[in-house]
Amino acid sequence: AVVEHTFVVSQVKMNRACRGDTLVTVVNGQLPGPAIEVTEGDSVVVHLVNKSPYGLTIHWHGVKQRLNCWADGVDMVTQCPIQPGRNFTYRFNVAGQEGTLWWHAHVASFRATVHGALIIRPRSGVTSYPFPEPHKEIPIFIGEWWEVDLVKLDTTLGDGVDYNPVNTTINGKLGDLYNCSGALEDNFIIEVEQGKTYLLRIVNAALFSEYYLKIAGHRFTVVAADANYVKPYTTDIIAIAPGESVDAIVLADAPPGKYYMVALGNQQPPPDIQIPPLSSRVLVKYNYNPSKEQALTLGASVMAPEMPDQHNTIASFYFHGNMTGSFAHLPVPVHVDEHLFISLALGVICRGGHVPSPSLPCSKLNGSILAATMNNISFEFPSNVSLLEAHYRGNMSNAGMLHKLPDKPPIVYNFTDRAMISEGSEEAALESTLIATTVRRFRFNTTVEIVFQSTTVLQSDSNPMHLHGHDFFVLAQGLGNYNAERDVGRYNLVDPPVRNTVLVPSSGWAAIRFVTDNPGVWFLHCHYGFHMSIGMAVVFEVDNGQTLNTTLAPPPADLPICEQHDSSVAY
Ligand code: C2O
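- Under the annotation held in an unreviewed UniProt entry, the chain carries the name Laccase and is attributed to Brachypodium distachyon.
- Of the chain, the UniProt comment under Function (unreviewed entry) reads exactly: "Lignin degradation and detoxification of lignin-derived products."
- Per UniProt, the comment on the chain under Sequence similarities (unreviewed entry) is "Belongs to the multicopper oxidase family."

Encoded structure:
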């Protein structure tokens, strides 16, 4: 079947923090935007009508877009932005994936408010859920409420301006701590019936933080992540990083009453981030008619879950490590063609792109900006042609300042030494950071293994790394520095989870493996908004295959043309 939507992007006024209206850019006047609900195998057609003052694109996060890179929706990577007053129609198929994905703007920081669910259900009569049919499905979008201009947020991050969200949102609402009108309907409430099961389709759409999610008195059974089934496992806490999605079943088996579901930001330990805890809560309310005595004892009180400390990163480490894939997927390729080791760090670049050195610090040039890097290179978008157009026309090397991503960082040292968090440390100067449009080229059908190493160079963050156009096996994760001799033995080659986003733990590493089976140019980046904005990204270029059914088709006729791109329009 064909599922068709019209998305009108415009600016509307919303009041969330009881401080008056903020102008936000949203789809169809809603936050989150409309959910797209499809059956596996469907075609999706979305007509995007841009009535906002910004150039925009929409990315279908996790959709593989096989032989359809033109619809991937990454600003200056797969297309030029759709200019204000213009339209573009995205067309793609959703095949071989089931579960929860989502869509979001892929320009500047607009995904903070331009986002929504993409729900893929099994074909009825052909397959079904590998778990009992839930009574109801409930999308849960964890996000943040920002009262800063999202363009400014994106362009000034490197100047070290510290922007923080007002607080956490659940399904676009700040929760009952900001109940401006006092009306209960202002907040999202989950109503449940005792004995019934509920499938929560949870997405972390936040720019800023990983989240812990708990419901007092209840447990979750995790059944899928990133639209891939996992072996069901039961837990009282879910950890979810920006870009990830988790499907979990909740059985309403507690005594009838009221319970809080709480989302708490999991911030890396100070000194990197020292903001008050980010959190939001919604009510899970049993639908029942209490007797007078019950009403007296239960009616007024709401049970709250006990949350971990906001700086506890270990619960997230174990949540991710506990995941195993369901067996219904292809075997893990054993032979690896290309090995990459990618360090994830922050670095300092002098204005104008100079590399600082002790004898010529940025202060003697024009001051410094903060950059995020992969193997010491900070990604810069090309400015006048999308990389996919360049790839398709075979003139990739003319597409601005291209630079090949090195297979490993130039200098090997102790990546996770806590001393390297501080800006003045000598080790931090080991990072000779470059700004470039970094591309790594692969032959079609290459098996690639990547070890991502989070570092403590000017940061201590975890890094949710998201690859477009492919899913991958997550083979292992660990704390500290990766050590091939020791760690290859820990790889799960039997039932690793299949994901599109891997959370590289704070001061740790993660190893993934995948086959480059999709020609085109595919973005790989950290899904923290601020890390992506300041360059923790690279483009993977996958060669066209040799046969007709592995070759990328020509661009759609209405693809926004880069030559028309008006640089006076902020995007
Ligand atoms: Cu969810 Cu490149 O993004």
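Don't stop here, the text continues.
### A few points about the overall build of the chain
For step 1, the next point in the chain: Counting its regular elements, the chain contains six helices and 33 strands.
For step 2, the next point in the chain: When the 571 residues of the chain are sorted by exposure, 49% land in the buried category.

### Some details on the UniProt feature "domain: Plastocyanin-like" (unreviewed entry) in the chain
For step 1, the next point in the chain: Feature annotation in UniProt places "domain: Plastocyanin-like" (unreviewed entry) on residues 10-124, 137-266 and 406-545, given in this structure's numbering.
For step 2, the next point in the chain: A helix fraction of 0% and a strand fraction of 42% characterise residues 10-124, whose end C-alpha atoms lie 36 Å from each other.

### As for the domain arrangement of the chain
For step 1, the next point in the chain: Under the domain assignment used here, the chain contains domain 1 (1-128), domain 2 (131-327) and domain 3 (338-564).
For step 2, the next point in the chain: Once you take the C-alpha centre of each, domain 1 and domain 2 turn out to be 22 Å apart.
For step 3, the next point in the chain: Between domain 1 and domain 2, the residue contacts involve 27 residues of the former and 28 residues of the latter.
For step 4, the next point in the chain: For the side of domain 1 that touches domain 2, the secondary structure elements donating two or more residues are strand E7 (99-105) and strand E8 (115-121).
For step 5, the next point in the chain: If one sorts the elements of the side of domain 1 that touches domain 2 by residue count, E7 sits on top with five residues.
For step 6, the next point in the chain: By residue class, the composition of the side of domain 1 that touches domain 2 is 14 nonpolar, 10 polar and three charged.

### Things to note about the environment of His531
For step 1, the next point in the chain: Relative to the helices and strands, His531 is located in helix H6 (residues 529-533).
For step 2, the next point in the chain: C-alpha separation for the pair His531 and Ala345, spaced 186 residues apart in sequence, amounts to 9.3 Å.
For step 3, the next point in the chain: In this structure, His531 is in contact with Ala372, Asn463, Cys526 and Met536, ignoring residues within four places of it in sequence.

### Description of the pairing of strand E17 (residues 245-251)
For step 1, the next point in the chain: With six of seven residues buried, E17 lies mostly within the body of the structure.
For step 2, the next point in the chain: Note: strand E12 (residues 197-204) against E17, seven bridges, orientation antiparallel. Opposite Thr197, over in E17, you have Leu251 as the bridge partner.
For step 3, the next point in the chain: Note that strand E14 (residues 220-225) and E17 share five bridges and pair antiparallel. Across the sheet, Phe220 pairs through a bridge with Val250, a residue of E17.

### Overview of the nonpolar core
For step 1, the next point in the chain: Of all hydrophobic cores here, the largest spans 152 residues; its most connected members are Ile142, Ala248, Phe452 and Ile512.
For step 2, the next point in the chain: If you tally residues by element for this core, the top one is strand E21 (residues 338-350), at eight residues.
For step 3, the next point in the chain: Not counting residues up to four positions away in its chain, the partners in contact with Ile512 are Ile450, Phe472, Phe473, Val474, Leu475 and Val502.

### Some details on the pairing of strand E27 (residues 463-467)
For step 1, the next point in the chain: Among the five residues that make up E27, five are buried, leaving the element largely enclosed by the rest of the structure.
For step 2, the next point in the chain: Taking every second residue as pointing to the same face, both faces of E27 are buried, with Asn463, Met465 and Leu467 on one and Pro464 and His466 on the other.
For step 3, the next point in the chain: As judged from the four bridges shared by E27 and strand E30 (residues 501-504), these two strands associate in the antiparallel manner. By the bridge assignment, Asn463 is partnered in E30 with Val504.

### Side note on the sheet that holds strand E2 (residues 22-27)
Two orientations exist for strands paired in a sheet by backbone hydrogen bonds: parallel and antiparallel.
For step 1, the next point in the chain: Taken in spatial order, the four strands make up an open sheet running E2-E1-E4-E6, and their pairing is mixed. Two strands bound the open sheet, and with one partner strand each, they are E2 and strand E6 (87-93). Put simply, the sheet's adjacent strands are angled 15° from each other on average, direction ignored.
For step 2, the next point in the chain: Of the pairings in the sheet, the one linking strand E4 (residues 43-50) to E6 comprises seven bridges and is antiparallel in character. Across the sheet, the residue bridging to Val45 is Arg91, located in E6.

### A short note on the sheet that holds strand E10 (residues 167-170)
For step 1, the next point in the chain: Strand order in this open sheet of six strands is E10-E9-E12-E17-E14-E15, and the pairing throughout is mixed. With partners counted over all chains shown, the strands left at the sheet margins are E10 and strand E15 (228-235), one partner each. Going from strand to strand, the sheet's axes swing by 25° on average, the running direction of each strand aside.
For step 2, the next point in the chain: Pairing between strand E9 (residues 136-145) and E12: seven bridges, direction parallel.

### Concerning the environment of Ala35
For step 1, the next point in the chain: Structurally, Ala35 is set in the loop between E2 and strand E3 (36-39).
For step 2, the next point in the chain: Here Ala35 falls in the partly exposed class, since 17 other C-beta atoms lie within 10 Å of it.
For step 3, the next point in the chain: With 139 residues separating them along the chain, Ala35 and Leu174 place their C-alpha atoms 20 Å apart.
For step 4, the next point in the chain: If sequence neighbours within four positions are ignored, Ala35 has contacts with Gly116, Ala117, Ile119 and Pro139.

### As for the confidence of the model for the chain
For step 1, the next point in the chain: Residues with a pLDDT of 70 or more make up 88% of the chain, whose mean pLDDT is 88.
For step 2, the next point in the chain: Note that residues 564-571 has pLDDT below 50 and, in this model, 12 contacts with residues that lie over four places away or in other chains.
For step 3, the next point in the chain: Two summary scores accompany this predicted model of the complex, namely pTM at 0.94 and ipTM at 0.99.

### Let's talk about unusual backbone geometry
For step 1, the next point in the chain: A cis amide bond links Leu31 with the next residue in sequence, Pro32, at an omega value of -10°.
For step 2, the next point in the chain: As for its position among the elements, Pro32 is in the loop between E2 and E3.
For step 3, the next point in the chain: One non-glycine residue with positive phi stands out, namely Asn171, at about 50°.
For step 4, the next point in the chain: Residue placement: Asn171 occurs in the loop between E10 and strand E11 (189-192).
For step 5, the next point in the chain: Taking the number of C-beta atoms within 10 Å as the measure of exposure, Asn171 has 18 and is therefore partly exposed.

Conventions used here
Residues numbered from 1 in each chain as written. Predicted model: local features only at pLDDT ≥ 70, side-chain atom pairs only at ≥ 80, totals over all residues. UniProt positions renumbered as here; feature names shortened; annotations may be inferred. Helix = DSSP H or I, 4+ residues; strand = E, 2+ residues; numbered from the N terminus. Buried ≥ 20, exposed ≤ 12 C-beta atoms within 10 Å, placed from the backbone. Domains from an automatic or database assignment. Contact = placed C-beta atoms within 7 Å. Nonpolar A, V, L, I, M, F, W, Y, C, P; charged D, E, K, R; others polar. Pairing = 2+ DSSP bridges. Core = buried A, V, L, I, M, F, W, Y, C linked by C-beta atoms within 7 Å. Axes fitted to C-alpha atoms, helices over the stretch in contact; angles between N-to-C directions. pLDDT = per-residue confidence, 0-100.

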